Amino acid sequence: MKLGIVGLPNVGKSTLFNSLTKAGAESANYPFCTIDPNVGVVAVPDARLGVLTEMYNSEKTVPAVVEFVDIAGLVKGASKGEGLGNQFLSHIRETDAIVHVVRCFDDPNIIHVDGSIDPIRDIETINLELIFSDLEMIERRISRVAKGASYDKGQAKELEMLKSLQAMLLNGKKASEYEPQDEDEEAILRGYALLSAKPVIYAANVTDDDIADDGANNANVAKVREFAKNEGSEVFVICARLEEEISELEDDEKAEFLTEMGLSESGLEKLIKASYHLLGLISYLTAGPKETRAWTIREGTKAPQAAGKIHSDFERGFIRAEIVSYDDLVACGGFNQAREKGLVRSEGKEYVVKDGDVVLFRFNV
């Protein structure tokens, strides 16, 4: 999973990135501090892995990972080259989803490029830049496809779709609102990698005074939540500066600090949950003496395709999957004990893998 962190300058993007990845991306109180996209790979927190590692005495533990890309602050006119322009919009195309950091706090010591705090205005500024960039791409595609549309049914169909998308974008609507007519259109749309079609998670950045109640009394957070609800996006409340402090602590100190602040989980955990939910992702687990590991798949993935995440041979030669739920496995104290109690199931090619399934694949190639 690859997430691009975007937003206007000075909203807390690089501070958030630092806290998530401890990668030390430079953070300063002026626009365009981030000149190249900073990339950090972060382990997905999963307490189940530690339990299974101990149970199997595994030599190593391999969590699922998320790749974060910190992209320079976008400004009005970025799609036309303003600020650092289009080079950064291209980095967003490579991501699975966008984490849009929105400033929901006032601080006279931190300048705002538009001179005031207005999260909805900020969101719409970024959205318009994404739409303008998509519009340019669609118009270039129309000029190419139009040439063959008169004699090629496939290109004629694509041209019709492109014109519908163009009209939508010209009306200020995001490409995510477009409803493909069939699987062919769905595939074509995916191939465009339109920026405004990407799922969005809004990170409402607040002060530490607002974090304990999850921004419940912050009017700006309420506006972001309402906006996100209307477009089907996710929201999580974060204090980027506080998260940066937390990231410097050891695990036991971190837990104590979170408790003192009245928080049940870190910002990273909130973001991972929001990302998995938005993208429809789950994790299944494998465990043994050599390795305990989490594998990320899309919800609804069948057993052979889930096996293919490990190795293509597993999918090609799939015979069956022996499965026990994590909770049953832990309650029984081991795989053999779970089998004795009839809790290990043998599943075939049509089985849909569930979150927390502990799986042993049988295959032959």
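Description of the structure in this document. (Residues numbered from 1 in each chain as written. Predicted model: local features only at pLDDT ≥ 70, side-chain atom pairs only at ≥ 80, totals over all residues. Heavy atoms only, no water.)

1. Points about the packing of aromatic side chains
Cut-off, in case you're wondering: Stacked, tilted and edge-to-face are the three classes applied to pairs of Phe, Tyr and Trp rings, where Trp contributes its six-membered ring and a pair requires centres within 6.5 Å; stacked means planes under 30 degrees apart, edge-to-face means over 60, and tilted covers the rest. Secondary structure elements are defined from DSSP: runs of H or I of at least 4 residues count as helices, runs of E of at least 2 residues count as strands, and each element is numbered from the N terminus. Note on classification: 1.4 Å probe, protein chains only; a residue is buried when its accessible area is under 20% of the maximum for its type, exposed when over 50%, partly exposed between these limits. We count a charge as sitting over a ring when the NZ of a lysine or the CZ of an arginine lies within 6 Å of the ring centre and within 35 degrees of the ring normal.
The full count for this structure, using the stated rule, is five aromatic pairs. Here the aromatic rings of Y202 and F227 are separated by 6.1 Å at their centres, their planes lie at 85°, and the arrangement is edge-to-face. With Y202 in strand β6 (residues 200–205) and F227 in helix α8 (residues 219–231), this residue pair connects regions lying 25 residues apart in the sequence. Residue Y202 is classed as buried on the basis of its relative accessible area, which comes to 0%. Three or more aromatic residues link up through ring pairs in this structure, and these residues are Y284, W295, F318 and F361. The ring of F105 has R103 sitting right over it, with the charged end atom 4.7 Å from the ring centre. The aromatic ring of W295 is capped on one face by R293, whose charged end is 4.2 Å from the ring centroid.

2. Details of unusual backbone geometry
Of note in this structure, A193 is not a glycine but carries a positive phi near 50°. Along the chain, the position of A193 falls in the loop between α6 (183–192) and β6. Look at A193 and you get partly exposed, because its relative accessible area is 24%. Not every positive phi belongs to a glycine, and D214 is a case in point at roughly 60°. Position of D214 among the secondary structure elements: in the loop between α7 (208–211) and α8.

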